[in-house]
Amino acid sequence: MKNTHTAPSELSVQDAQACILGKIRPLAPEEIPLSQTLGRALAEDVRANRDLPPYNTSAMDGYAARAADIAAPPQILNVIEDIKAGDTPRLALQPGQCARIMTGAPLPQGADTVIRVEDTRPLDETHVEFPIPVKQGTDIRLQGEAMRTGDVVLNVGEEITPGTVGTLATVKHATVKVFRKPRVAILSNGDELEALDDPFNPQKIPDANSYALMAQTQSLGIEPALLGIARDTPNALATLLKRGLGYDVLLISGGTSVGVHDHVRPTLATISVEMHFWCVKMRPGHPVAFGTIGNTLVFCLPGNPVSSMVCFEQFVLPALRALMGHRRLLRRTLPVRLTQAVKSKQGRVEFIRATLSRDASEGYYQATPTASQSSGNIRSMASADVLAIVPNDSGGLTAESITQAQLLEGAAFQ
Ligand code: AMP
Ligand code: MG
C-alpha cells in the first residue's frame, strides 16, 4: 500500500501543547489511602479540623516567665513547676515566678515569654538567673498559628509531595480525594524491531522505545501497559491500535514519518481517529502527530529513540499531568551557560541533550552537550540532565551563551 502524504501544517511547540491541553479535562476523582497519594493531585480543597498548636506553646526548651520580671537583668526567679509536652500546667505564674518548660509544652497562665535555656543560669533546683533582657512574646507559638479550624490548608490541583502528605496527616485525612490516573498503553512499530525477549539477532534493532516510554510514564507514577511491536502492515497495526484505543492514552512510536512503510497515521484514519496535528517545528521530534477518538488521546511519536523521548517530555508529559489534575504541567526550566557552540536549523526549536555542572564561583549551571546529538543515539538521553533549548529563530548558539534548559527526571540530584 502506498501512503498519501499531504504537506503538513507545522505547529510551534507551544501551539502543539495548547492544541493538546485544549482537549483535556482532569479525569474523575477517586478516594485512596493517604499512603498511596504521593505524586497525585488533590481533587478537593482540604480544611483544618483543629487549631494548631491547640494552645499557646513554647518553641524552645527553657523557662516560661513574665517579661516584666526580667526587664532589668540580672534577675533571679523562683521555679515553681516543670512542664513537658503533653502536660497541663497546674499553677499560674505570680510575679517573681517562672516555670521550666520544654518545646511544645503548653504555656502556664501568666507567662508571656519563653527564655531559652542557653540564655539562663540555673542556680539550684528552684532558682534561675536571667542575665539578659528578653522581649515579651519571644519563643511562643500562639494557638492556631500554624492552622485554624476551618482554614483551607491545601487546594484542589495541588501536587501531593511529602510535605503535602504530612499536612494531610495533620488534618487526619486517612483517605484523600485525588484525580484518577490515566491508563496508558505503549506500542512500538517497525519490521526491523527486536523485542526484549526475542532471540538475539544482530541484524535487528532492539526495541528501546517501549521501555524508555514506559519509564517516562512510570516517573509520573503511572504503570503503563506494553502492547508490544506492531509490524509494518496496516492490518497488523490496526489490530494493535484498536487494542490501544481501550486506554485513556495510547503512545505509538515509529511509522509516523513520510516513508512508504509509515502506516501509523493512515491506519489511525481508517479506524476513525481524528488527527489534530502532524509535524512540529522542533528537532529532534519533527514528525510527531496527535489525534483523539472519544476520550482517548493518541500520540504518534517518531521512531528515533531520542525523538520519541523528547516528544514525550514536550507533549505526553503535560497531557498526562493535566489528566491527573495537576496545575503545574511542565518540567522546570532554568537558565544555563553553554560550554560549547550548538548548531540548529532555522525555524525549528532544538532540544540539545546536555549534562549540568556547577562552577561554585558562577551564577549559572554549565550545560555541556552530550557527545552525540544524533536522534538515533539513546545514550545521549542516558547521560543527559537537561534538554537545553535553542530557540527557533537563533540558527544556533555560541559557546558561553545563556539559554533555558528543561530538567529531566533525576536531574534534581548532584
Ligand atoms: P520510523 O519513525 O519508523 O521511520 O523510525 C525511525 C528510526 O527509529 C528507524 O531507524 C527505526 O529503526 C528506529 N526505531 C523505530 N522504532 C524504534 C524502537 N521502538 N526502538 C528503537 N528504535 C526504533
Ligand atoms: Mg519504521
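Above: the structure in question.
Peer 1: What's the story with the overall build of the chain in this structure? I'm lost.
Peer 2: When helices and strands are tallied, the chain shows seven helices and 28 strands. On C-alpha atoms alone, the chain measures out to a radius of gyration of 30 Å, which is more than a quarter above the 22 Å that the 2.2 N^0.38 rule sets for 414 residues. Over its C-alpha atoms, taken along the principal directions, the chain stretches across nearly 100 × 50 × 40 Å. Taken across its 414 residues, the chain has 46% of its residues classed as buried. Within the chain, contacts between residues separated by at least 24 positions form 71% of all contacts whose residues are at least 6 apart in sequence.

Peer 1: Looking at this model, I keep getting lost on a nonpolar patch on the surface. Mind explaining?
Peer 2: The grouping of Leu-196, Tyr-211 and Leu-226 at the surface amounts to a nonpolar patch, some 280 Å² of accessible area in total. Within the fold, Leu-226 resides in strand β16 (residues 225-230).

Peer 1: I tried to follow the packing of aromatic side chains on my own but got confused; where do I start?
Peer 2: Each aromatic ring pair is specified by the distance between its two centres and by the angle formed by the two planes. Overall, the coordinates contain four aromatic pairs when judged by the stated rule. Grouped by ring-pair contacts, the aromatic residues Phe-277, Phe-290, Phe-299 and Phe-315 constitute a single cluster. Over the face of the ring belonging to Trp-278 we find Arg-265, whose NZ or CZ atom lies 3.3 Å from the ring centre.

Peer 1: Just to check I follow, could you spell out the packing of helix α3 (residues 209-218) against helix α6 (residues 305-323) for this structure?
Peer 2: Two numbers describe a pair of packed helices, the interaxial angle and the distance between the axes. Viewed as axis vectors pointing N to C, α3 and α6 meet at an angle of 30°, and their least axial separation amounts to 10 Å. Our classification of the angle between α3 and α6 gives roughly parallel. In terms of crossing hand, the pair formed by α3 and α6 is right-handed. Taking contact as the criterion, the partners of Asn-209, Ala-212, Leu-213, Gln-216 and Thr-217 in α3 are, on α6, Pro-305, Ser-308, Met-309, Phe-312, Glu-313 and Leu-320. For the contact of α3 with α6, the class distribution of residues is six nonpolar, four polar and one charged.

Peer 1: Explanation requested: the nonpolar core in the structure shown.
Peer 2: For soluble globular proteins, the rule of thumb is that nonpolar side chains tend to be buried together. Of all hydrophobic cores here, the largest spans 42 residues; its most connected members are Leu-251, Met-282, Phe-299, Phe-315 and Leu-320. When contributions to this core are tallied by element, the ones reaching two or more residues are α1 (13-21), β13 (184-189), α3, β17 (249-253), β21 (296-301), α6, β24 (349-358) and β26 (386-390). The dominant element in this core, judged by the number of residues it contributes, is α6, at twelve residues. Looking at this core, you find at least three residues from each of domain 1 (10-27 + 181-323) and domain 4 (333-407). Formed by 19 residues, the second largest nonpolar core is a distinct cluster that contains Leu-240, Ile-252, Trp-278 and Val-298.

Criteria and cut-off values
Residues numbered from 1 in each chain as written. Chains lettered and ligands numbered in written order. Predicted model: local features only at pLDDT ≥ 70, side-chain atom pairs only at ≥ 80, totals over all residues. Heavy atoms only, no water. Helix = DSSP H or I, 4+ residues; strand = E, 2+ residues; numbered from the N terminus. Rg over C-alpha atoms; globule rule 2.2 N^0.38 Å. Buried < 20%, exposed > 50% of the residue type's maximum accessible area, 1.4 Å probe, protein only. Contact = heavy atoms within 4.5 Å. Patch = residues over 30% accessible without salt bridge, like charges linked within 9 Å, V, L, I, M, F, W, Y side chains within 5 Å. Areas by Shrake-Rupley, 256 points an atom, 1.4 Å probe, with all protein chains shown as cover. Salt bridge = Lys/Arg side-chain N within 4 Å of Asp/Glu carboxyl O. Phe/Tyr/Trp six-rings, centres within 6.5 Å; stacked < 30°, edge-to-face > 60°. Lys NZ or Arg CZ within 6 Å of the ring centre and 35° of its normal. Axes fitted to C-alpha atoms, helices over the stretch in contact; angles between N-to-C directions. Parallel < 35°, antiparallel > 145°, perpendicular 65-115°, else oblique. Left-handed = near helix turned anticlockwise from the far one by under 90°. Nonpolar A, V, L, I, M, F, W, Y, C, P; charged D, E, K, R; others polar. Core = buried A, V, L, I, M, F, W, Y, C linked by side-chain atoms within 4.5 Å. Domains from an automatic or database assignment.

Read these as geometric descriptors, not functional statements.
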